[in-house]
Amino acid sequence: MGIGTSIFLLAVGAILTFALDASVGGVNLDVVGWILMAAGLLGLVMTALVWGRRRQVVTTTEPVEYRRVEERRDIAPPL
């Protein structure tokens, strides 16, 4: 889940929980809103963890060994 989807879930959940005062056929919209907000928050945390791992810089302390490469071509004279 990306950052955009997580924020969208948080927004929809907050709207269902705090802004609406309606009932739909035995479904408690407050509970649905809290569940959506929890899913959005979990998605944000997971996305931050995944992106945080990708941004780590790995450095090595081993010296780099440079070698000179020579190319030698033996060209035969034309016959």
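Residues numbered from 1 in each chain as written. Predicted model: local features only at pLDDT ≥ 70, side-chain atom pairs only at ≥ 80, totals over all residues. Heavy atoms only, no water.

A. Quick look at the overall build of the protein chain. Helix and strand content of the protein chain: two helices and zero strands. By the burial criterion, 14% of the 79 residues in the protein chain qualify as buried. Surface summary for the protein chain: the accessible area is close to 7400 Å², and the carbon and sulfur share equals 62%. (Helix = DSSP H or I, 4+ residues; strand = E, 2+ residues; numbered from the N terminus. Buried < 20%, exposed > 50% of the residue type's maximum accessible area, 1.4 Å probe, protein only. Areas by Shrake-Rupley, 256 points an atom, 1.4 Å probe, with all protein chains shown as cover.)

B. Local environment of a nonpolar patch on the surface. Together, Leu41, Leu42, Val45, Met46 and Leu49 make up a nonpolar patch on the protein surface, roughly 470 Å² of accessible area in all. Examined against the element boundaries, Met46 turns out to sit in helix α2 (residues 29-54). (Patch = residues over 30% accessible without salt bridge, like charges linked within 9 Å, V, L, I, M, F, W, Y side chains within 5 Å. Salt bridge = Lys/Arg side-chain N within 4 Å of Asp/Glu carboxyl O.)

C. How the structure looks around the side chain of Thr17. Among the structural elements, Thr17 can be located in helix α1 (residues 3-19). With a relative accessible area of 11%, Thr17 lands in the buried category. Within the local environment of Thr17, its side chain forms a polar contact with the backbone oxygen of Asp30, the two atoms lying 3.5 Å apart. Other than its neighbours up to four places away in sequence, Thr17 contacts Asp30, Gly33, Trp34 and Met37. (Polar contact = N/O pair within 3.5 Å; in protein donor to acceptor, adjacent residues only side chain to side chain. Contact = heavy atoms within 4.5 Å.)

D. Spotlight on the packing of aromatic side chains. Applying the stated criterion across every chain yields a total of one aromatic pair. On the basis of an interplanar angle of 80 degrees and a centroid distance of 5.7 Å, the ring pair of Phe18 and Trp34 is categorised as edge-to-face. Here the residue Phe18 occupies a position in helix α1, and Trp34 occupies one in helix α2, the gap between them amounting to 16 residues. Among the residues examined, Phe18 registers a relative accessible area of 58% and is labelled exposed. (Phe/Tyr/Trp six-rings, centres within 6.5 Å; stacked < 30°, edge-to-face > 60°.)

E. Spatial organisation of the environment of Leu29. Looking at the element boundaries, Leu29 is found in helix α2. Overall, Leu29 belongs to the buried group, its relative accessible area being 15%. With twelve residues separating them along the chain, Leu29 and Thr17 place their C-alpha atoms 6.5 Å apart. Sequence-distant contacts of Leu29, that is, excluding residues within four places in its chain, are made with Leu16, Leu20, Ala22 and Val24.

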